[in-house]
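# Per-entry structural report
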Amino acid sequence: MYERVYNFSAGPSVLPEEVLLEASKEMLNYKGSGMSVMEMSHRSKEFMGIAADAEKLLRELMNVPANYKILFLQGGASTQFAMIPLNLFSNSKTADYVDTGAWSTKAIKEAKKYGTVNVLASSKESTYSYIPKLDKSAFSKDADYFHITTNNTIYGTRFTPDNLPDTGDVPLVADMSSNILSEVYDVSKFGLIYAGAQKNMGPAGVTAVIIREDLIGKAMDITPTMLDYKIHADADSLYNTPPCYSIYMCMLVFKWLKEKGGVAAMEKINREKSQLLYDYLDQSAMFKATVAVEDRSLMNVPFVTGNDELDAAFIKEAVAKGFVNLKGHRSVGGMRASIYNAMPVEGVKALVEFMKEFEAKNK
Ligand SMILES: *Cc1c(COP(=O)(O)O)cnc(C)c1O
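Scoring rules and cut-offs
- Residues numbered from 1 in each chain as written.
- Predicted model: local features only at pLDDT ≥ 70, side-chain atom pairs only at ≥ 80, totals over all residues.
- Heavy atoms only, no water.
- UniProt positions renumbered as here; feature names shortened; annotations may be inferred.
- Pairing = 2+ DSSP bridges.
- Helix = DSSP H or I, 4+ residues; strand = E, 2+ residues; numbered from the N terminus.
- Buried < 20%, exposed > 50% of the residue type's maximum accessible area, 1.4 Å probe, protein only.
- Contact = heavy atoms within 4.5 Å.
- Axes fitted to C-alpha atoms, helices over the stretch in contact; angles between N-to-C directions.
- 1 Å grid on protein atoms, 1.4 Å probe; cavity = no way out; pocket = protein on both sides within 12 Å on 5 of 7 lines; lining within 4 Å.
- Points joined across faces, edges and corners; volume = space filled by probe spheres on them.
- Nonpolar A, V, L, I, M, F, W, Y, C, P; charged D, E, K, R; others polar.
- Near = heavy atom within 4 Å.
- Polar contact = N/O pair within 3.5 Å; in protein donor to acceptor, adjacent residues only side chain to side chain.

- The name an unreviewed UniProt entry gives the protein chain is Phosphoserine aminotransferase, with Alkalibacter saccharofermentans DSM 14828 as the organism.
- Turning to the protein chain, the UniProt annotation filed under Sequence similarities (unreviewed entry) states: "Belongs to the class-V pyridoxal-phosphate-dependent aminotransferase family. SerC subfamily."
- You can read under Subunit (unreviewed entry) in the UniProt record for the protein chain the words "Homodimer."

### Overview of the sheet that holds strand β12 (residues 300-304)
- The strand order across the open sheet formed by three strands is β11-β12-β14, and the pairing between neighbours is antiparallel. Of all strands in the sheet, those with a lone pairing partner are β11 (288-289) and β14 (335-338), marking the two edges.
- Note that β11 and β12 share two bridges and pair antiparallel. Bridge pairing in β12 links Ala289 to Phe303.

### Brief notes about the UniProt feature "binding site: L-glutamate" (unreviewed entry) in the protein chain
- The UniProt record marks Arg43 with the feature "binding site: L-glutamate" (unreviewed entry), using the residue numbering of this structure.
- Along the polypeptide, Arg43 turns up in the loop between α1 (17-25) and α2 (45-61).
- You can call Arg43 partly exposed: its relative accessible area is 47%.
- Sequence-distant contacts of Arg43, that is, excluding residues within four places in its chain, are made with Met48, Leu238 and Tyr239.

### Comments concerning the sheet that holds strand β2 (residues 68-73)
- One open sheet holds the seven strands; their spatial order is β2-β10-β9-β8-β5-β3-β4, and the pairing between them is mixed. Of all the strands in the sheet, just β2 and β4 (116-122) have a single pairing partner and so form its edges. Adjacent strand axes in the sheet meet at a mean angle of 15°, parallel and antiparallel pairs treated alike.
- With four bridges joining them, strand β5 (residues 145-149) and strand β8 (residues 172-175) adopt parallel strand pairing. Paired with Phe146 across the two strands is Leu172, which belongs to β8.
- Together, β2 and β10 (207-212) form the strand contacts of α2, whose direction differs from that of β2 by roughly 130°.

### What about the pairing of β10?
- Burial analysis of β10 places six of its six residues in the buried class, which makes it a mostly covered element.
- Relative to β10, β2 runs antiparallel, the two being bridged by six bridges. Bridge assignment links Phe72 to a residue of β10, and that residue is Ala208.
- As judged from the five bridges shared by strand β9 (residues 192-196) and β10, these two strands associate in the antiparallel manner. When the sheet's bridge partners are listed, Leu192 is paired in β10 with Ile211.

### Regarding the layout of surface pockets
- Empty space within the largest pocket amounts to approximately 360 Å³.
- Contributing to the lining of the largest pocket are 19 residues, with Glu17, Ala342, Met343, Pro344 and Glu346 lying nearest its centre.
- Taken together, the residues of the lining of the largest pocket break down into 12 nonpolar, two polar and five charged.

### Side note on the environment of Met48
- The residue Met48 is located in helix α2 in this model.
- Distance in space between the C-alpha atoms of Met48 and Met286 is 53 Å, their sequence separation being 238 residues.
- Excluding residues that lie within four positions of it along the chain, Met48 makes contacts with His42, Arg43 and Leu238.

### Digging into the site of the ligand
- Contacts to the ligand come from 13 residues, most closely from Ser78, Thr153, Asp175, Gln198 and Lys199.
- The side chain of Thr153 places a nitrogen or oxygen atom 2.4 Å from an oxygen atom of the ligand.
- One of the side-chain nitrogen or oxygen atoms of Gln198 is found 2.9 Å away from an oxygen atom of the ligand.
- Sort the elements by how many residues they give to the shell around the ligand and helix α3 (residues 76-88) lands first, with four residues.
- Across the shell around the ligand, the residue classes break down as three nonpolar, eight polar and two charged.

### Focus: the UniProt feature "binding site: pyridoxal 5'-phosphate" (unreviewed entry) in the protein chain
- Within the UniProt annotation, "binding site: pyridoxal 5'-phosphate" (unreviewed entry) is assigned to Ala77, Ser78, Trp103, Thr153, Asp175, Gln198, Asn240 and Thr241. For the residues just named, distributed over 165 residues, the greatest C-alpha separation reaches 30.6 Å, placing them at more than one site.
- Of note, Ser78 is situated in helix α3.
- You can call Ser78 partly exposed: its relative accessible area is 40%.
- Looking at where Trp103 falls in the secondary structure, it is placed in helix α4 (residues 102-111).

So, in structure tokens, the structure goes:
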């Protein structure tokens, strides 16, 4: 007997129940090996098979072109904030960044250690409640890359797939930690995509990097071995011991996603889920969405009542009803519902029903 809550955590976050069940079945004896995936050599044929499947499935799900490598690395998305400039500052040592929130800010700060960073635009003055409009004439012509955060986990904004900056020959680099696999992005428009697994792909401990091959092998001399994409690409992400169990869990999530019909099918469900919430918020007299309509995330939906006591009462009552982790990030306040791929439509419907009841009761 078990009882699970509806978990709206921003990360680490909800995983598909089918995946957790499958992992539990394979926990003690992975496919006749007599051991769990945590206990086996990363050079064993079982684990090599898991790693190869993870790579193949992610390639298939995101339609990753043949001239891109997929790497499974450690250190979280935060390590990529340094790894990207260390590897990509190969000519002008200049990069353009768009400041759309706390994660962009951290990426900017790190890149500044290794070269020149132009912050083209920022929505900081309005607590990052929108994606700033970009003036193409301000883009650096000779930049080594151009960095964006496709989905801003804390504020609930996103660069939609049809509104990516047109950077021409300058490689577009994207932090997709909180919306990878949630809707269809054309990978060929990017030079590099990275994502920590713990939001929409699996457990914490592994970071996926999808990188165009011509960007590999140009790391700065000072680059530590472990931060050189070429080292990991040449070794198929097995240069040192990889986060085996996290990769295994990601593989199961990819398999689940494929069985669900892939990213396009998931996008449809994600649109339905987020629309349920936004439609309710936009007509509610109590709750308000905080983000400009055209920039709204499909994954993270912040909302406020404007009254701290009411927010606290709502969060408390929600927990009692089995809706957990709805507290907003301290920089925004209020609430945030993170509704990643593994959150079923029923979870969002139930949340909206609860919000309606709460609003009626507290008028
Ligand atoms: C969570 C998050 C990060 C940080 O990820 P770590 O794996 O904890 O380093 C970076 N960027 C975005 C967009 C995130 O949501």
